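Structure assessment
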Amino acid sequence: MVAEAVENSQSVQQRTKQFNITDLTAKQKRRLFVFCFSEGGLAGFDKKRVGDQTYYVFIYKN
């Protein structure tokens with residue numbers, strides 16, 4: 001699993017966490033969701049596929 005944090009310089013600071021979920025079990029995916037949704041400032045969520053890899057992307061506003 002890979003996590004990546006990115007911040008931008010817009011007037012509202014955003015933080016992005018990206019996780020590779022390709023090899024996770026359903027239980028591990030649920031735990032990841034619970035953890036990321038329980039953090040404060042969640043603004044959005046996206047699921048994307050790149051080749052044969054699947055990623056969850058969580059966007060937070062500070």
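Because the structure is predicted, anything quoted here is derived from the model rather than measured. (Residues numbered from 1 in each chain as written. Predicted model: local features only at pLDDT ≥ 70, side-chain atom pairs only at ≥ 80, totals over all residues. Heavy atoms only, no water.)

**Here we look at the overall build of the protein chain**
Test applied: Each helix corresponds to a stretch of at least 4 residues labelled H or I by DSSP, and each strand to a stretch of at least 2 residues labelled E; elements are numbered beginning at the N terminus. Burial classes: relative accessible area under 20% of the type maximum marks a residue as buried, over 50% as exposed, and values in between as partly exposed (1.4 Å probe, protein chains only). Only heavy atoms enter the contact rule, under which two residues are in contact if any of them lie within 4.5 Å.
Counting its secondary structure elements, the protein chain contains 1 helix and 4 strands. For the protein chain, the sequential pattern of α-helices and β-strands runs β-β-α-β-β. Per-residue burial for the protein chain yields a buried fraction of 26% across its 62 residues. Considering only intrachain contacts with a sequence separation of at least 6, the fraction spanning at least 24 residues in the protein chain is 43%.

**Re the pattern of salt bridges**
Close approach of charged atoms allows side chains with opposite charge to pair. Spelled out, the test is: Any Lys or Arg side-chain nitrogen located within 4 Å of an Asp or Glu carboxyl oxygen qualifies as a salt bridge.
Evaluation of the coordinates by the stated rule reveals 2 salt bridges. For Arg-15, the salt bridge is made with Glu-39, and the minimal N-O distance between the two is 3.8 Å. Of this pair, Arg-15 sits in strand 2 (residues 14–20) while Glu-39 sits in the loop between helix 1 (26–38) and strand 3 (42–50), and the two are 24 residues apart along the sequence. Residue Glu-39 pairs with Lys-17 through a salt bridge whose shortest N-O separation is 2.8 Å. Highlighted residues: Glu-39 in the loop between helix 1 and strand 3 and Lys-17 in strand 2, separated in sequence by 22 residues. With relative accessibility at 18%, the residue Lys-17 sits in the buried group. Connected through shared salt-bridge partners, Arg-15, Lys-17 and Glu-39 make up one network.

**Some words on the nonpolar core**
Test applied: Among buried residues, those of type Ala, Val, Leu, Ile, Met, Phe, Trp, Tyr and Cys that are joined through side-chain atoms within 4.5 Å constitute a nonpolar core.
In terms of nonpolar packing, the biggest core is built from 8 residues, these being Phe-19, Ile-21, Leu-24, Leu-32, Cys-36, Tyr-56, Phe-58 and Tyr-60. At the level of elements, helix 1 and strand 4 (53–61) are the ones that each hand at least two residues to this core. A per-element tally of this core places strand 4 first, with 3 residues. Ignoring sequence-local partners within four residues, the contact set of Ile-21 consists of Lys-29, Leu-32, Thr-54, Tyr-55 and Tyr-56.

**A short note on the environment of Gln-13**
Mapped onto the secondary structure, Gln-13 falls in the loop between strand 1 (3–7) and strand 2. Separated by 47 residues in sequence, Gln-13 and Tyr-60 place their C-alpha atoms 8.4 Å apart.

**What to know about the packing of aromatic side chains**
Between two aromatic rings, the relevant description is the distance of the centres plus the angle of the planes. Keep this limit in mind: Between the rings of Phe, Tyr and Trp (Trp by its six-membered ring), a pair exists once the centres lie within 6.5 Å; its type follows the angle of the planes, with under 30 degrees stacked, over 60 edge-to-face, and the other angles tilted.
Per the counting criterion, the structure on display carries 10 aromatic pairs. Ring geometry for Phe-33 against Tyr-56: centres 4.8 Å apart, planes inclined by 65°, an arrangement best described as edge-to-face. Taken together, the residues Phe-33 in helix 1 and Tyr-56 in strand 4 connect sequence positions 23 residues apart. Using a relative accessible area of 23% as the deciding quantity, one classes Phe-33 as partly exposed.

Purely geometric numbers; function is a separate question.
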